[in-house]
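Fold and geometry: a report
Listed below, chain by chain, are the residues.
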Amino acid sequence: MSGPVTALVVTYNRKALLGRCLDALVGQSQAPDRVLIVDNASTDGTREWLAQAGWLARDDVELLALSENTGGAGGFSAGIAHAVEHGAAWVWLMDDDAEPARDALATLLEAATNPNDLYGSVAVAGNRLAWPMAPHGAPADGHIHYVEQAPPAPVDVAFIPFLGLLVSRELVSAIGVPDAGYFLAADDVEYCMRARRHGARTWLVARSRIEHPASERYGLQLTPRRRFESLRLPPWKRYYDVRNRLFIARAYYGAATWYKTIPGQFMRLFLTLLHEPRRGAQIKAFAAGMVDGLAGRKGRRHERWGIHP
């Protein structure tokens, strides 16, 4: 690969975590050419802290201050567009609670040989993957859950979260930026699916690692080899998880939306009611997500339904 690399960090009200992320980025063995911080209208003094801590005085750090909270999807969408417009050949994406290992970028760039493909670091919590990864075309029990299960060579996976995903200017020009209308959740899944529809492959580079808290899950063992899982989420995030899964299904799955995705949604609701508190709020979030998902209503909408953190 060649050309300048921008590390893009989307943040909202987590300046302590952001500081650790920035320290890890500028301490890379092969540092990014620029670090672009997209602040989603934080209310905790993030912008003032960035100035006081000296980050904004650096030539290699830039702040893109958004006027409203557009969620992770809106932040990544605006940030990628800005980075590419200002000369980035590659954009390395992550949240503010990510801490890349010192050689994470150098290792990733070594593997990034085709600008028409996506590449990604692996997000880890100890020896666990923060998000289980599914090799493309693997059976249901073929997910990679632990670091030792990941092959040393890049592996083509179904998707990579916006936790170390590397995208080129060429691919952005071809498929666009993430869909800001998702607001939160599954925007990274949709982006990888859009890239794959265009012909891209999605390479997980297991030797490039980023520390990140693991997702919390619970599930039901359907067969000895098949387990159905759901994420542990507060109701306001449940709304987006339910809604955005339907967006993806309607865009990519066709008829399977009705005989696979929607039954799966009700299975997740069943698991949610078994494992989560605030059952009434969870049911309301599920119903709202189903209505808006089927109606195609995008954007930040949880408050409109009276669902609050």
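Report on the accompanying structure. (Residues numbered from 1 in each chain as written. Predicted model: local features only at pLDDT ≥ 70, side-chain atom pairs only at ≥ 80, totals over all residues. Heavy atoms only, no water.)

Taken together, Leu220, Leu222, Phe270 and Leu274 make up a surface patch of nonpolar side chains, about 350 Å² in accessible area. Structurally, the position occupied by Leu274 is in helix α8 (residues 256-275). Residue Leu274 is classed as exposed on the basis of its relative accessible area of 51%. (Patch = residues over 30% accessible without salt bridge, like charges linked within 9 Å, V, L, I, M, F, W, Y side chains within 5 Å. Areas by Shrake-Rupley, 256 points an atom, 1.4 Å probe, with all protein chains shown as cover. Salt bridge = Lys/Arg side-chain N within 4 Å of Asp/Glu carboxyl O. Helix = DSSP H or I, 4+ residues; strand = E, 2+ residues; numbered from the N terminus. Buried < 20%, exposed > 50% of the residue type's maximum accessible area, 1.4 Å probe, protein only.)

So, on to the pairing of strand β2 (residues 34-39). Across the 6 residues that make up β2, a large majority, 5, are buried. Bridge count between strand β1 (residues 5-11) and β2: 6 bridges; the pairing is parallel. By the bridge assignment for β2, Thr11 is matched with Asp39. Judged from the 5 bridges that link them, β2 and strand β3 (residues 61-65) form a sheet pairing that is parallel. Residue Leu36 lies in a different strand from β3, and its bridge partner there is Glu62. In this view, the connection linking β2 to its parallel neighbour β3 by way of helix α2 (residues 46-52) has right-handed handedness. (Pairing = 2+ DSSP bridges. Right-handed = clockwise from strand over helix to strand, strands pointing away.)

Quick look at the environment of Gly74 now. Following the sequence through the fold, Gly74 ends up in helix α3 (residues 71-85). Remark: the alpha-carbon pair of Gly74 and Ala186, spanning 112 residues in sequence, is separated by 12 Å. With sequence-adjacent residues up to four places away left out, Gly74 is seen in contact with Ala180 and Phe183. (Contact = heavy atoms within 4.5 Å.)

With that settled, consider unusual backbone geometry. Backbone geometry places Asn13, a non-glycine residue, at a positive phi of 55 degrees. Of note, Ala185 is a non-glycine position whose phi angle comes to about 85 degrees, a positive value. Within the fold, Ala185 resides in the loop between α5 (169-175) and α6 (187-198). Relative accessible area serves as the criterion here: at 27%, Ala185 is assigned to the partly exposed category.

As paired strands, strand β12 (residues 217-223) and strand β13 (residues 226-231) are joined by 6 bridges and run antiparallel to one another. Its bridge partner being in β13, Tyr218 is matched across the sheet by Ser230. The loop that links β12 with its antiparallel partner β13 comprises 2 residues.

Right, let's get into α8. At 3.6 residues per turn, the α-helix brings residues three or four places apart onto the same side. Counted at 1.5 Å a residue, the expected span for α8 with its 20 residues is 28 Å, and the 27 Å between its end C-alpha atoms agrees. Where α8 is concerned, the buried positions are Ala256, Thr257, Thr261, Ile262, Gly264, Gln265, Arg268, Leu269, Leu271 and Thr272. Buried residues along α8 sit in contact with β12, β13, α7 (235-252) and α9 (279-295). (Expected span 1.5 Å × (residues − 1).)

Below, the discussion takes up the environment of Phe162. The topology assignment puts Phe162 in the loop between β9 (155-156) and β10 (165-168). Residue classification places Phe162 among the buried positions, given a relative accessible area of 3%. Distance from Phe162 to Phe76, taken between C-alpha atoms, is 8.5 Å for residues 86 residues apart in sequence. Excluding residues within four positions of it along the chain, Phe162 makes contact with Phe76, Leu93, Met94, Asp95, Pro178, Asp187, Asp188 and Tyr191.

Glancing now at the nonpolar core. Of all hydrophobic cores here, the largest spans 37 residues; its most connected members are Leu8, Val91 and Leu93. Broken down by element, this core gets its largest block of residues, 4 residues, from α3. Discounting chain neighbours no more than four positions away, the residues touching Leu8 are Leu36, Val38, Phe76, Gly79, Ile80, Val91, Trp92, Leu93 and Met94. Listed in part, the 31 residues of the second largest apolar core include Leu18, Cys21, Ala98 and Ile210. (Core = buried A, V, L, I, M, F, W, Y, C linked by side-chain atoms within 4.5 Å.)

Taken N-terminus to C-terminus, the directions of α7 and α9 make an angle of 30 degrees; their axes are 7 Å apart at the nearest point. In terms of axis orientation, α7 runs roughly parallel to α9. Read as a crossing pair, α7 and α9 show a hand that is right-handed. In this structure, α7 contributes Pro235, Arg238, Tyr239, Val242, Arg243, Leu246, Phe247 and Arg250 to the contact, and α9 contributes Ala281, Gln282, Ala285, Phe286, Ala288, Gly289, Met290, Asp292, Gly293, Leu294 and Ala295. (Axes fitted to C-alpha atoms, helices over the stretch in contact; angles between N-to-C directions. Parallel < 35°, antiparallel > 145°, perpendicular 65-115°, else oblique. Left-handed = near helix turned anticlockwise from the far one by under 90°.)

Attention now goes to the pattern of salt bridges. According to the stated counting rule, one finds 19 salt bridges in the structure shown. Residue Asp60 is joined to Arg58 by a salt bridge in which the shortest nitrogen-to-oxygen separation is 2.9 Å. Taking the relative accessible area as the measure of exposure, Asp60 reaches 21% and is therefore partly exposed. In this structure, Lys298 engages Asp179 in a salt bridge whose closest nitrogen and oxygen atoms are separated by 2.4 Å. Of the two residues, Lys298 is situated in the segment after α9 and Asp179 in the loop between α5 and α6; the sequence distance between them amounts to 119 residues. On the basis of relative accessibility, which here comes to 40%, the residue Lys298 falls in the partly exposed class. Classification of Asp179 as partly exposed rests on a relative accessible area of 21%. Here the salt bridges share partners, and the residues they tie into one network are Glu216, Arg232, Arg238 and Glu276.

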